Structures are given as structure tokens and as C-alpha cells.
Amino acid sequence: MADIKPDQTLDTRGLSCPMPMLKTKKALKGMKSGQILEVWGTDPGSKNDIPDFCKKNNNELLEMTDLPEGYTRYIIKKG
Amino acid sequence: MSNNFFADIKEQTKDAYDLVFGTKWPAWVGGILLAIVALMIFLWDYTWGIAGGYHNWGDWIFHLAGVKSQPRTLPWLHHLSVSNAGILLGALASALLGHQFKFRRAPKLEYAKGVIGGILMGSGAALAKGCNVGGFFSAVAMLDIGGYAMMVGLIIGAFIGLKYLLWEMEHLPQASAAPADESKAGKINWEAIKPYIGGLIFIAVIAAFYLYASYDKTVVGGLLFFGFLIGLIMHRSRFCFVQAFRDPFMTGEAKMVRAVAISLLIYGLFTILIKYNYIQDPKMDVYHPFWFGSLVGGIIFGIGMLLAGGCASSSLWRAGEGHTKLMVAIVSFAISNSTTFSLLDYFGIRNKLGTPHLLPDIVGWKLTVPVFILIILVWVVIANWNEKTEKFVVF
């Protein structure tokens with residue numbers, strides 16, 4: 001999956017609920033269908049919120065990986 | 001055979017451990033368990049609340065700073081202070097056991113929001129004589145109609161708070177804070193040790209319960225233990241009152257509304273049984289200032305919980321998970337709550353904010369059950385409808 005090239009990268013590291021979710025929603029709003037958003041986050045809550053949000057709004061969560069550097073990377077394809 | 005036997009036990013223990021600490025519990029499961037523990041606290045001692053404990057902490061902070069005279073109760077004997085400590089320890093143990101604990105730094109703006117959110121929550125909880133738990137959750141379950149006024153206030157406050165967050169994203173510089181790099185670990189492998197520390201905290205809480213009992217303070221010791229259970233339940237299910245009030249405006253998600261509603265139904269219906277049969281006094285915990293104090297307090301509290309990213313209860317369990325921003329919010333909440341109570345007393349308006357009313361005194365005991373259920377159902381039905389149509393989603 002590492003070869004997917006994101007159209008936009010959003011850094012929410014250090015932010016806690018609800019900021020990562022709000023920023024993700026805002027970023028996706030400004031993107032076209034089919035574009036890829038990469039999100040970096042550290043809030044454990046996002047691991048539930050982002051998948052739930054993607055499911056509800058027909059966006060595709062391509063990847064959710066805990067990186068050894070201590071944060072999580074989400075790759076979302078806008079639906 | 002004995003080899004197999006022990007291997008089996010080991011495997012089953014691991015499966016059970018993964019089920020409890022490796023996964024997130026559904027929010028509604030958290031809601032049901034929370035209601036059961038809240039009822040146990042009600043029968044054990046008095047109604048569950050949180051802000052009262054913060055009030056005590058704030059009084060002590062001012063006393064130690066030399067501003068206020070010594071508070072009546074020591075923090076380790078104050079009932080709600082002790083159950084708050086239990087919640088914090090329960091969440092900490094749960095986060096350690098689930099490999100979710102670490103000290104989490106935040107950008108500067110977030111700390112400022114933690115302070116301001118704490119100030120707003122502390123003053124709102126003083127006006128309403130209770131926070132999202134004592135002023136809303138427990139108040140509704142205790143058939144105190146001030147709880148409904150605070151609920152309306154929390155909905156309005158959450159809406160205003162969310163509007164501010166949207167404004168902030170557009171107009172204030174956005175920063176992030178990278179976590180400490182874990183790939184360059186030191187000599188000690190903390191990740192492997194953390195679950196054992198979590199287990200030790202659990203044992204220490206049980207030991208403290210016994211210690212309290214040996215000093216004839218069994219009731220207080222029990223509250224530490226019940227608080228511990230609440231912290232564990234809330235952290236594992238990420239049970240969050242803020243989400244219940246905020247998400248219908250933010251994403252339309254109604255999951256947490258349903259979880260709070262299930263919890264309230266169980267908590268309230270059993271309370272009706274307990275109060276109707278005089279197992280506990282029907283007037284117990286009916287003191288919320290309907291409607292002005294509860295409503296206005298709810299609005300201020302609602303704005304504060306959006307800024308802080310946690311209410312009275314979820315700030316505690318998030319602090320237990322290591323969020324430094326929420327630790328700041330709790331201290332700020334305690335100081336502000338104590339200050340606002342003093343100001344209300346000083347100006348003599350504490351008892352002019354409204355009068356408490358028991359729901360059965362207004363609608364009669366016969367109608368209490370249907371009215372109680374109906375109000376909660378209306379909330380759920382609207383939230384479910386909004387989940388599909390997103391009519392109330394502001395962005």
C-alpha cells in the first residue's frame with residue numbers, strides 16, 4: 001500500500017477529539033471524488049471515529065497503520 | 001495431558017484478555033454497564049456525580065495557596081473526590097492493560113482551550129449545581145426535572161462550541177505536535193511492562209478498599225472501587241457524553257445518543273422502582289435549580305466541553321489515557337468551580353437560580369414511567385432521523 005500517492009496530507013498529531021475528525025471532514029470537503037487524503041494522528045479515538053465516518057459517508061478507508069514513530073496513518077479515498 | 005491442560009488455560013486466558021483489553025467495547029455495552037454501576041452507587045451511598053469532587057479539589061488548591069479557609073472534608077474522605085480518583089485509576093489501568101497509555105503532548109492552542117474549557121465547565125457546573133453527570137445524567141435518572149433543562153442547555157452549548165471550533169479552523173494558525181519517536185526506544189521495554197503496572201493498580205485499588213474498611217470507612221472505599229469500574233467501562237467503550245451532544249451537529253452520528261439513552265433508561269427505570277418503594281428517599285438528589293441555573297449552566301458547560309474535548313467524566317478517563325490537555329482542563333475545572341461557588345454565595349444568588357422539582361410531583365407517579373420513557377425516545381428518534389437526513393449537521 002506504500003505506493004499510493006496522496007493528493008493531500010493532513011497532520012493532526014497531538015490533537016485530540018474532536019479536532020482530527022473535524023479537520024478530516026473539512027479536508028475531504030475540499031477534495032474531488034476519487035482523490036486520496038492521508039491523515040496522521042495520535043488520538044486513540046480517531047481509530048473508531050475515522051472508520052465510522054468513512055463508512056457513513058461512502059469514503060473508502062484504504063489503510064490504517066500504526067507507524068513505529070508513534071502515530072497512526074490513515075489513507076482515505078474520497079467517495 | 002497436564003501439558004495440554006495448562007496450554008488450554010493459557011490460551012483461554014489470552015483470548016479472554018484480548019476480548020476485554022484488545023478490543024473496543026461497543027458504546028451501548030458501556031452504557032448498560034455504566035447504568036448498573038451508577039445504580040449500585042445510588043444504593044450503596046448517594047447519587048453519582050463528578051463536579052462535587054472537583055469542587056473539593058478546587059477548595060483545597062485555594063486553601064493550600066492560602067486564599068481560602070480549610071475545606072470541611074479531606075480529599076481522600078470526600079465521597080465524590082474518591083470516586084473521581086477511582087475513575088482516573090480505572091481508566092489508567094485500562095489504558096495500560098490495553099497498550100493505549102502514553103503521555104500525550106498537544107500544540108499550545110490546545111492547552112489554552114483546555115484552560116478556557118475547564119473554566120467554562122467549572123462555572124457552568126456551579127450554576128447548574130452539577131456537571132454532565134450530576135446535573136444531567138443522574139439528575140434525569142433521579143427524576144429531577146432540572147436534568148432536562150440542563151440537557152437542553154448542553155445541546156445549545158454543544159452547538160455554539162462546535163461553531164467556535166469551525167471558526168477557529170479557518171481563522172487561527174493550525175499546529176500539530178509530533179509524538180516522541182518510539183522507534184528509538186531506550187533500554188527498558190516499557191510497552192511490555194505497562195500491562196503489569198495496570199494489573200498492579202487494580203490490586204492496589206482492592207487493597208485500598210480493604211484499608212478503608214479497616215478504618216471504618218467502607219462506604220468511601222466502595223466508592224473508590226465503583227469509580228474504578230466506571231473508569232474501566234468508560235475507557236474501554238470510549239463512552240463520551242460530549243459526543244452524544246456534539247456528533248448530531250458534526251457528523252450526524254447518533255451512536256452515542258443511543259448509548260446514553262439506553263444507559264438513562266436502565267438507570268432511570270430502576271431508580272423509579274427504588275424511589276417509589278422508598279428504598280431510598282424519593283427526594284434524594286433533587287436539588288437542581290430549575291430552570292434558569294440548569295439551563296444557563298448547561299449552555300456554558302456545553303461550550304466548555306467542546307473546547308476542552310471532554311466533559312466532567314470523559315476528561316477524567318482521557319487524562320487517565322495520558323492526554324496532558326485534559327489534565328490541564330481538570331485543574332482549571334476544579335479552580336473555576338470552587339471560585340464560582342464562592343462568587344454565587346458572596347452575591348447571595350445561589351438560591352435564586354431556580355427551584356428543584358420532582359417529576360412525580362408534577363405528573364404523578366402513574367405517568368412518571370411513560371413520560372420518562374417518552375422524553376428519551378423523542379431524543380433518540382430525532383437523532384436517528386438526523387443521522388439519515390443530516391438536517392442538523394452544520395458543516
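Rules used throughout
- Residues numbered from 1 in each chain as written.
- Chains lettered and ligands numbered in written order.
- Predicted model: local features only at pLDDT ≥ 70, side-chain atom pairs only at ≥ 80, totals over all residues.
- Helix = DSSP H or I, 4+ residues; strand = E, 2+ residues; numbered from the N terminus.
- Rg over C-alpha atoms; globule rule 2.2 N^0.38 Å.
- Buried ≥ 20, exposed ≤ 12 C-beta atoms within 10 Å, placed from the backbone.
- Contact = placed C-beta atoms within 7 Å.
- Core = buried A, V, L, I, M, F, W, Y, C linked by C-beta atoms within 7 Å.
- Nonpolar A, V, L, I, M, F, W, Y, C, P; charged D, E, K, R; others polar.
- Arc of directions from axis to C-beta.
- pLDDT = per-residue confidence, 0-100.
- Pairing = 2+ DSSP bridges.
- Axes fitted to C-alpha atoms, helices over the stretch in contact; angles between N-to-C directions.

Asks: For the overall build of chain B, give the residues involved together with the corresponding values.
Replies: Regarding its fold elements, chain B presents 15 helices and 0 strands. Whereas a compact globule of 395 residues would reach a radius of gyration of roughly 21 Å, chain B reaches 21 Å, a difference of no more than 12%. Going through the 395 residues of chain B one by one, you find that 51% of them count as buried. In chain B, 83% of the contacts between residues at least 6 apart in sequence involve partners at least 24 apart.

Asks: Before we move on, can you summarise the nonpolar core with the specific residues and values?
Replies: Residue and element names in this part refer to chain B. Counting residues in each nonpolar core, the largest one holds 131 residues, and the members touching the most others are Leu34, Met121, Cys131, Leu224 and Phe301. Top element by residues in this core is helix H4 (residues 79-97). It accounts for 12 residues. Excluding anything up to four places from it in sequence, leucine 34 contacts Ile230, Ile233, Met234, Phe239 and Ser263.

Asks: Tell me what's going on with the interface of chain B and chain A, and back it up with residues and numbers.
Replies: On the side of chain A, 24 residues touch chain B, which itself brings 27 residues to the contact. Elements with a contribution of two residues or more to the side of chain B that touches chain A: helix H7 (146-171) and helix H10 (241-250) of chain B. Its residues assigned to classes, the side of chain B that touches chain A comprises 9 nonpolar, 6 polar and 12 charged.

Asks: Can you explain helix H2 (residues 46-56) of chain A? Please cite residues and give values.
Replies: Residues and elements named next belong to chain A. Of all the residues in H2, the buried ones are Ser46, Asp49, Ile50, Phe53 and Cys54. Down the axis of H2, the buried set is contained in an arc of 125°. They therefore lie on one face. Those residues of H2 that are buried lie in contact with helix H1 (19-29), strand E2 (36-41), strand E3 (60-66) and strand E4 (72-77). Count one or two residues on from H2 and you reach asparagine 58, which has phi positive near 60°.

Asks: A description of the confidence of the model for chain B should follow, citing residues and the corresponding values.
Replies: Taken as a whole, chain B shows an average pLDDT of 95; of its residues, 98% reach a score of 70 or greater. Across the predicted assembly, pTM comes out at 0.95 and ipTM at 0.94.

Asks: Please give an account of the sheet that holds E2(A) that cites residues and values.
Replies: Residues and elements named next belong to chain A. Here we have 4 strands laid out as an open sheet, ordered E1-E2-E4-E3, and mixed in their pairing. Each edge of the open sheet carries a strand with a single partner, namely strand E1 (8-12) and E3. The sheet shows a mean angle of 15° between the axes of neighbouring strands, direction not considered. With 5 bridges connecting them, E1 and E2 associate as parallel partners. Counterpart to aspartate 11 in the pairing with E2 is tryptophan 40. Contacts between H2 and the sheet are confined to E2, E3 and E4, with E3 contributing the most and set at about 165° to the helix.

Asks: Quick one: what's the story with the pairing of E3(A), residue by residue and with numbers?
Replies: Residues and elements named next belong to chain A. As paired elements, E3 and E4 share 6 bridges and run antiparallel to each other. Directly across from threonine 65, in E4, lies its bridge partner arginine 73. Count of turn residues in the E3/E4 antiparallel hairpin: 5 residues, of which glycine 70 carries a positive phi of about 100°.

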